[in-house]
Protein chains: 2
Amino acid sequence: MTGKPIQIYDTTLRDGSQGEGVSFSLQDKLNVASRLAEIGIDYIEGGYPLSNEKDVAFFEQIRKADLGETKICAFGMTRRRSMKAEADPGMQALVAAETPCITVVGKTWDFHATEVLRVSLEENVDMIAESVEFLGRHAEVIYDAEHFFDGYTANPNYALTTLKAAAAAGAKWLVLCDTNGGALPERIAEVTEITRQAVADYDVQIGIHCHNDGELAVANTLASVDAGASQVQGTINGIGERCGNVDLIAVIANLALKKKGYEVLGRESLQHLTELSRYVYETANLQWRNNQPFVGQSAFAHKGGMHVHAINKAASSYEHIDPSVVGNERRILISELSGRSNIVAVATKHNVEDDRELMDKILAEVVRLENQGYQFENAAASFDLLVKRIAGTFQPHFTPIKYRVVAGDRDSHHKNVFAEAIIKLTVGKSLWFDAAEGHGPVNALDAALRKALQEDYPCLNEMRLLDYKVRVVDSGAGTAASTRVNIESGDSNESWGTIGVSENIIEASWQALVDAVEYKLHKEELPLAGK
Amino acid sequence: MTGKPIQIYDTTLRDGSQGEGVSFSLQDKLNVASRLAEIGIDYIEGGYPLSNEKDVAFFEQIRKADLGETKICAFGMTRRRSMKAEADPGMQALVAAETPCITVVGKTWDFHATEVLRVSLEENVDMIAESVEFLGRHAEVIYDAEHFFDGYTANPNYALTTLKAAAAAGAKWLVLCDTNGGALPERIAEVTEITRQAVADYDVQIGIHCHNDGELAVANTLASVDAGASQVQGTINGIGERCGNVDLIAVIANLALKKKGYEVLGRESLQHLTELSRYVYETANLQWRNNQPFVGQSAFAHKGGMHVHAINKAASSYEHIDPSVVGNERRILISELSGRSNIVAVATKHNVEDDRELMDKILAEVVRLENQGYQFENAAASFDLLVKRIAGTFQPHFTPIKYRVVAGDRDSHHKNVFAEAIIKLTVGKSLWFDAAEGHGPVNALDAALRKALQEDYPCLNEMRLLDYKVRVVDSGAGTAASTRVNIESGDSNESWGTIGVSENIIEASWQALVDAVEYKLHKEELPLAGK
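Reading guide: rules and limits
Residues numbered from 1 in each chain as written. Chains lettered and ligands numbered in written order. Predicted model: local features only at pLDDT ≥ 70, side-chain atom pairs only at ≥ 80, totals over all residues. Heavy atoms only, no water. Phe/Tyr/Trp six-rings, centres within 6.5 Å; stacked < 30°, edge-to-face > 60°. Lys NZ or Arg CZ within 6 Å of the ring centre and 35° of its normal. Axes fitted to C-alpha atoms, helices over the stretch in contact; angles between N-to-C directions. Helix = DSSP H or I, 4+ residues; strand = E, 2+ residues; numbered from the N terminus. Left-handed = near helix turned anticlockwise from the far one by under 90°. Contact = heavy atoms within 4.5 Å. Nonpolar A, V, L, I, M, F, W, Y, C, P; charged D, E, K, R; others polar. Expected span 1.5 Å × (residues − 1). Buried < 20%, exposed > 50% of the residue type's maximum accessible area, 1.4 Å probe, protein only. Buried area = accessible area lost by both parts, 1.4 Å probe. Salt bridge = Lys/Arg side-chain N within 4 Å of Asp/Glu carboxyl O. Pairing = 2+ DSSP bridges. Core = buried A, V, L, I, M, F, W, Y, C linked by side-chain atoms within 4.5 Å. Least-squares fit on C-alpha atoms with pLDDT ≥ 70 in both. Polar contact = N/O pair within 3.5 Å; in protein donor to acceptor, adjacent residues only side chain to side chain. Parallel < 35°, antiparallel > 145°, perpendicular 65-115°, else oblique.

Q: Sorry, what's going on with the packing of aromatic side chains here?
A: Geometry of an aromatic ring pair is reported as the spacing of the ring centres plus the angle between the planes. Across all of its chains, the model carries 18 aromatic pairs over all chains by this definition. A network of ring pairs unites the aromatic residues Tyr9, Tyr43 and Trp173 of chain A as a single cluster. When the ring centre of Phe394 of chain B is taken as reference, the NZ or CZ atom of Arg389 of chain B above it lies at 4.4 Å.

In structure tokens:
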């Protein structure tokens, strides 16, 4: 590789955890840090050691991990007013974290110094200089200039004075933060350039830290890099407070694949971006953003009939990059707008694409079910069974007769919550009537179904339920709303999605469960049992 | 207002409906169009009249609506090869839609003309010119140049030739489309500028149509406007295929509030952006994007203790714009990271903020519950009751003793699905044992609870369940995963959110239902009944 190296600084575990609905356990933080190090992120900000015990424990444990070239950073604020740096508990906690790098944030906006910190402009500069100097005795110091762009606009001389104080005190990096996230790219470029020139006499590099409040965080970051910044701070998937930090995934992909003249991570690392994105969502217990650039499930999904038709002729001309470069993949969707060519693409493996009448029937059934709330986009296994049913090639491996779920609390105070399921089904000529308990009603149904089928189909032992999702389709109807359940199942070879829709969440779950098991049995091409 | 007018062209109903999971009914389309017209959107693309009957019906009905200055556009492709424009069914359908404006899309990329359309480069130019000329006899014609930026890169002369053909044939607008969504802002600006100069001799204006595959759609759109484009095409909330179209909300807000020298909609319209965004999500049956810039629920939400403390001192210095300008509002969140100052802000109305010991107890309980999967950010009513319980001021209006839900299918084929609930509770000294049926188990529980309480608390008749949301907290655990239920309830005055968490979805729903009813009864300051 050639080009100017751009350092990637990840703050998913600190600034990212400020996002609404985000919380990481200690083990989560250790796992995420190790994944970030694996793909070669240059700096990982682990947390704020003064704020809570979890972060203190994180720094203790991460010291034992082998992170290769990656540097862990502890994060904190400049020393308190009217106090020596070495006496400040925050400074002490930063040093005690024993990281190779410490990031300290200070005020550059005159208004914040006087109105939020309640110190004089001079004392704020002293706080910055003394904090950086003290921390620099123990580690590489990164100085984050909070509200830099707003501060520069309010009082350019003062903002630059605070940066020069940090540089003179030994900071290795001056990171310009658009804390409120409202700046425009042209302003970010202009101020980065001015700042770079203003501190040219110091042995210090410039970094950029953007938030997405104007939906411009990626553009702002790239504009700053073009103007001279050589460190980018952000989070995986752009999680973070309000509208989030800049999404490092998009920054890395743009720098590596679109911009010229920069060197960032390695090409092999790029292939892990999709996997990393989903890992962080799962760990943070957030839903994936399906339309996320580069790594979203829909990022290379094609729906419109016209496009899909053309894709088969010239795939790359409808995609801005090859999805496999970032570890993602192309998907052809099934939907009412998709027209015949989409259905054909998906139905090809059933060898029915030349049967025009059959194709019409399939299309009509898809439209009918979509009107009820079904969506086959994440339920390819249910679609598969639907095609077989319409084509007359479906032969059920079992026939449900009835089921019942009982759930409740046997006394008050939520101490005796229970769930039981009873099911009746036939396998060929055998009748099975079984019951099971579970953590909840769907878990109990799943257990009862497996119990009834285990003798005839022992291969179900290797099938696992990987994911269970519930979506209220018409949420405005309150508890009478229609419910869509998606179940993702897997065995050692593959995973498959099924769907159920009903006003009754138990019935919707049951439909998805039955399809999941039938798909497994069809997939194995098992002879029908129990005859 | 002064400044250059920028026309807003909405394609939510056409390009937006290509988004994964998006589908609009005919009535949905009519409703959305009327909302868009209300806030003064200049052009609304209603659909593709050749593609389906729903769109044909849309154009028939929208003609009767009063849309003020807003123009409805029908959308289609250039005429087929080897056919006169007037004989082409697509062209005829466009004219039959009887809209004041017609948008026609054509190929600018030489590769697409020869490989996808399978026509010569000359015939493609003829197809564009003849289509525009024919349609121009009936309506204002907007020419959308598909793949313009990729086409220009591949063959600049040919790409410009196609545009000039459209301009010479009478198109009023040449809209440059970054169809694959992968261009960088600097390239968009450069090519827009070149194009503007190349067609300067024609009576035609330039538009821009961006997709978000590089997470740069807003920046690309603004860059094109700065380079001379005076029409912006996009969708509300950026819904659309793959990573979506550019989000018109962010474009409008940036043009109106951040950029200088442009005139877009009116200031009064800006105040409806949040409402419009949520209306479109609800209509399209999509989940809100909480961190969406300007209009997301989290866009002005403050979580970190430090920030919240400062917000109370100087709100505007932590916000890039005043949220009320776009119809949004500031929120203070409750969370483990929030520290004392957040809890104090929320607890203020309970007059407990000076009781340090009580505040510690509340904070500890919030942390404990968050570890179990509770999130109080959307459940302020449950938090309210929690504070009362810890403070010892909570007096229950009723005491649940036990409940049971039975749900199932009495025979196969999903024809006899049922749900019943039985509950036992006391109100003071009265014991109530009641049962009810429902659409699903939660609906049945809700009905049984109301039945048991109606005599003592008739005010519950005016309470409605507005929304019911289910989130699987640890989705990797399959059907044994923990479930978080959020219920939004309302009466004529206000709405309130409650939460329940359990591995058993029925129990989680029950917790949220009980809190919803207790909050209503506390809110009314009703004396305890049944004594």
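Don't stop here, the text continues.
Q: How should the packing of helix 17 (residues 441–453) of chain A against helix 18 (residues 505–523) of chain A be read in this particular structure?
A: Describing two packed helices takes the angle between their axes plus the distance from one axis to the other. All names here are of chain A. The geometry of helix 17 relative to helix 18 is characterised by a closest axis approach of 10 Å and an angle of 35° between their N-to-C directions. When you trace helix 17 past helix 18, the crossing you get is right-handed. Along its contact with helix 17, which presents Pro441, Val442, Leu445, Asp446, Leu449 and Leu453, the element helix 18 presents Ile506, Ser509, Trp510, Leu513 and Val517. Here the contact of helix 17 with helix 18 is composed, by residue class, of nine nonpolar, one polar and one charged.

Q: Even after reading the chapter, I still don't get helix 5 (residues 121–136) of chain B, so can you show me in this structure?
A: Residue pairs three or four apart in sequence face the same way in an α-helix, which turns once every 3.6 residues. All names here are of chain B. An ideal rise of 1.5 Å per residue puts 22 Å on 16 residues; helix 5 measures up with 23 Å between its terminal C-alpha atoms. Of the positions making up helix 5, those classed as buried are Asn124, Val125, Met127, Ile128, Ser131, Val132, Phe134 and Leu135. As for helix 5, its buried residues are in contact with helix 3 (89–96), strand 5 (101–107), helix 4 (110–117), strand 6 (140–146) and helix 7 (156–168).

Q: Would you mind going over unusual backbone geometry with me for this structure?
A: Negative phi is the rule for most residues except glycine; trans is the rule for most peptide bonds. Residue and element names in this part refer to chain B. For Glu215, which is not a glycine, the phi torsion comes out positive at approximately 60°. Mapped onto the elements of the fold, Glu215 is located in the loop between strand 8 (205–210) and helix 9 (217–226). Notably, Asn237 is not glycine yet its phi reads approximately 70°, a positive angle. Residue Asn237 is classed as buried on the basis of its relative accessible area of 7%.

Q: Hey, could you run me through the interface of chain B and chain A in this one?
A: Tallying the contact residues gives 116 residues for chain B and 116 residues for chain A. In total, chain B and chain A occlude about 9700 Å² of area from one another, counting both sides; carbon and sulfur atoms represent 50% of this. The tally of links between chain B and chain A comes to four salt bridges. For the side of chain B that touches chain A, the element with the highest residue contribution is strand 13 (residues 399–409) of chain B, accounting for 10 residues. For the side of chain B that touches chain A, the residue count by class is 44 nonpolar, 37 polar and 35 charged.

Q: Help me out: how do you make sense of the sheet that holds strand 13 of chain B in this one?
A: Whenever strands of a sheet pair, they do so through backbone hydrogen bonds, lying parallel or antiparallel. Pairing within the open sheet is antiparallel, and its six strands lie in the order 15(A)-14(A)-13(A)-13(B)-14(B)-15(B). In this open sheet, the two edge strands, each paired with only one partner strand, are strand 15 (430–437) of chain A together with strand 15 (430–437) of chain B. Averaged over all pairs of adjacent strands, the angle between their axes in this sheet comes to 10°, without regard to strand direction. In this structure, strand 14 (residues 417–427) of chain A lies alongside strand 15 of chain A, joined through eight bridges in antiparallel fashion. Residue pairing across strands places Glu420 of chain A opposite Glu437 of chain A, the latter belonging to strand 15 of chain A.

Q: Would you mind showing me how to read the nonpolar core here?
A: In terms of nonpolar packing, the biggest core is built from 181 residues, with Tyr143, Phe148 and Leu174 of chain A together with Tyr143, Phe148 and Leu174 of chain B touching the most fellow members. With sequence-adjacent residues up to four places away left out, Phe148 of chain B is seen in contact with Thr108, Ala159, Leu160, Leu163, Leu176, Cys177, Val191 and Thr195 of chain B. Leu385 and Leu460 of chain A together with Leu453 and Val485 of chain B belong to the second-largest nonpolar core, a separate cluster that totals 84 residues.

Q: How should I be thinking about the relation of the copies chain B and chain A in this particular structure?
A: One chain copy maps onto the other through a rotation about an axis and a shift parallel to that axis. It takes a turn of 180° to lay chain B on chain A, together with a shift of 0.1 Å along the axis; the resulting RMSD is 0.3 Å. Between the two chains, the operation in question is that of a two-fold axis. Every residue of chain B has its C-alpha some distance from the rotation axis, and the shortest such distance is that of Val406 of chain B, at 2.1 Å. Looking at chain B, 100% of its interface residues are interface residues in chain A too, so the copies touch through the same face.

Q: Could you clarify how one ought to interpret the pairing of strand 13 (residues 399–409) of chain A in this entry?
A: Taken residue by residue, a regular strand's side chains alternate between the two faces of the sheet. Pairing analysis gives 10 bridges linking strand 13 of chain A to strand 14 of chain A, with the strands arranged antiparallel. When the bridges of strand 14 of chain A are listed, Asp409 of chain A appears paired with Val417 of chain A.

Q: Would you mind going over the pattern of salt bridges with me for this structure?
A: Between side chains of opposite charge, a pair can form when the charged atoms approach closely. Tallying each qualifying case throughout the model produces 55 salt bridges over all chains. Taking the shortest distance from any N to any O, the salt bridge between Lys520 of chain A and Asp491 of chain A comes out at 2.8 Å. Residue Lys520 of chain A is found in helix 18, and its partner Asp491 of chain A is found in the loop between strand 17 (483–490) and strand 18 (495–502); the two are separated by 29 residues along the sequence. Side by side, Lys520 of chain A and Asp491 of chain A carry an identical accessibility label, which is buried. For the salt bridge of Lys520 of chain B with Glu462 of chain B, the shortest nitrogen-to-oxygen distance reads 2.6 Å. With Lys520 of chain B in helix 18 (residues 505–523) and Glu462 of chain B in the loop between helix 17 (441–453) and strand 16 (464–472), this pair connects stretches of sequence that are 58 residues apart. Overall, the relative accessible area of 0% leaves Lys520 of chain B in the buried class. Taken together, the salt bridges that share partners define one network made up of Glu462, Asp491, Lys520, Lys523 and Glu524 of chain A.

Q: Hey, could you run me through the environment of Thr114 of chain A in this one?
A: Residue and element names in this part refer to chain A. Mapping Thr114 onto the fold places it in helix 4 (residues 110–117). We classify Thr114 as partly exposed; its relative accessible area is 30%. Once residues lying within four places of it in the same chain are set aside, the contact partners of Thr114 are Val119 and Leu121. Of the polar contacts made by the side chain of Thr114, one reaches the backbone oxygen of Phe111; its length is 3.4 Å.

Q: Explain the sheet that holds strand 9 (residues 231–234) of chain B here, please?
A: All names here are of chain B. Spatially, 2-3-4-5-6-7-8-9 is the arrangement adopted by the eight strands of the closed barrel, whose pairing is parallel. Pairs of neighbouring strands in the sheet enclose a mean axial angle of 25°, with direction left out of account. Pairing geometry for strand 2 (residues 7–10) and strand 9, over four bridges, is parallel. By the bridge assignment, Ile8 is partnered in strand 9 with Val232.

Q: Please explain the packing of helix 8 (residues 185–198) of chain A against helix 9 (residues 217–226) of chain A as it appears in this structure.
A: Residues and elements named next belong to chain A. Contact pair helix 8 / helix 9: the axes reach a minimum separation of 8 Å and the direction vectors enclose 30°. Classed by the angle they form, the pair helix 8 and helix 9 counts as roughly parallel. Where helix 8 crosses over helix 9, the two elements pack in a sense that is right-handed. Of helix 9, the residues touching helix 8 (which contributes Pro185, Ile188, Ala189 and Thr192) are Ala219, Asn220, Ala223 and Ser224. Grouping the constituent residues of the contact of helix 8 with helix 9 by class yields five nonpolar, three polar and no charged.

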